[in-house]
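Inside the fold
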Amino acid sequence: DGGITQSPKYLFRKEGQNVTLSCEQNLNHDAMYWYRQDPGQGLRLIYYSQIVNDFQKGDIAEGYSVSREKKESFPLTVTSAQKNPTAFYLCASSTDRGKNQPQHFGDGTRLSIL
Amino acid sequence: AQSVTQPDIHITVSEGASLELRCNYSYGATPYLFWYVQSPGQGLQLLLKYFSGDTLVQGIKGFEAEFKRSQSSFNLRKPSVHWSDAAEYFCAVGISGGSYIPTFGRGTSLIVHP
């Protein structure tokens, strides 16, 4: 079955450490997204990519970085510059470079501070 | 820029009762509208979408939504709620042009009493 796989499901970060969240899709979708979810705040867009080797900042990109070297992969790095990284992170993808197509979501990664 | 409002943070209903979750949007033209559902600790799943045509849209799990242009609304309804419907529900609005990135509401948490 096609879908989006996020790993790990739970991740712990030490002070000053960078951590990378994995997102892989086998849906052959062009567009991929990273969202941050905090209680009561809905989904906030961190980064998105509508085509390989190109990505754009979302609303809360500071302290995060991404790459899109392959169509199926869109890893997110939470850097030490992100002072409040504790949240639930969701990866999504969509067809047609995301032009108003529904998004397919992974099951998320919960990041906590040690 | 478009915006979407879900006025109710929490909704409590009894099992078997009808349900209506509200969604209002702000956008000058006809938007693309989506409803998603999120179970605890999981990603979002598309319930239904509206792009054009019939303003009453049928979705999965027995849900429907009605687009009302005059009220800038896209409310989600279900005639009889099941305990398994307890979840977080998100409305999202997309626009024609620009980055095509949809905007999500803050979500409504549905609590179902037996």
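Remember, predicted model here, so these are calculated numbers, not experimental data.

Topic: the state of the cysteines
Covalently bonding the sulfur atom of one cysteine to the sulfur atom of another cysteine gives a disulfide. Scanning all chains against the criterion turns up 2 disulfides over all chains. Residue C23(A) pairs covalently with C91(A) via a disulfide, S to S 1.9 Å. Looking along the S-S bond of the C23(A)-C91(A) disulfide, the torsion reads about -75°, which is the left-handed sense. Highlighted residues: C23(A) in strand β3 (residues 19-25) and C91(A) in strand β9 (residues 87-94), separated in sequence by 68 residues. Overall, C91(A) belongs to the buried group, its relative accessible area being 0%. The disulfide partner of C23(B) is C91(B), and the gap between their sulfur atoms is 1.9 Å. Looking along the S-S bond of the C23(B)-C91(B) disulfide, the torsion reads about -65°, which is the left-handed sense. One end of the pair, C23(B), is in the loop between β3 (19-21) and β4 (24-26); the other, C91(B), is in strand β10 (residues 87-94), with 68 residues separating them in the sequence. The class of C23(B) is buried, set by a relative accessible area of 0%. Residue C91(B) is classed as buried on the basis of its relative accessible area, which comes to 0%.

Describing the sheet that holds β3(A)
Residue and element names in this part refer to chain A. Pairing within the open sheet is antiparallel, and its 4 strands lie in the order β1-β3-β8-β7. With partners counted over all chains shown, the strands left at the sheet margins are β1 (4-7) and β7 (64-66), one partner each. Taking the axes of each pair of neighbouring strands and ignoring which way they run, one obtains an average angle of 20° across the sheet. Here β1 runs beside β3; their pairing, made up of 4 bridges, is antiparallel. Bridge pairing in β3 places I4 opposite Q25.

So, the pattern of salt bridges
Residues and elements named next belong to chain A. Tallied over the entire structure, the rule returns 7 salt bridges over all chains. With a closest N to O distance of 2.7 Å, D38 and R44 form a salt bridge. The exposure class of D38 is buried, given its relative accessible area of 11%. On the basis of relative accessibility, which here comes to 26%, the residue R44 falls in the partly exposed class. Among the ionic contacts, a cluster of salt bridges with common partners joins R36, D38 and R44.

Calculation notes
- Residues numbered from 1 in each chain as written.
- Chains lettered and ligands numbered in written order.
- Predicted model: local features only at pLDDT ≥ 70, side-chain atom pairs only at ≥ 80, totals over all residues.
- Heavy atoms only, no water.
- Disulfide = S-S within 2.5 Å.
- Helix = DSSP H or I, 4+ residues; strand = E, 2+ residues; numbered from the N terminus.
- Buried < 20%, exposed > 50% of the residue type's maximum accessible area, 1.4 Å probe, protein only.
- Pairing = 2+ DSSP bridges.
- Axes fitted to C-alpha atoms, helices over the stretch in contact; angles between N-to-C directions.
- Salt bridge = Lys/Arg side-chain N within 4 Å of Asp/Glu carboxyl O.

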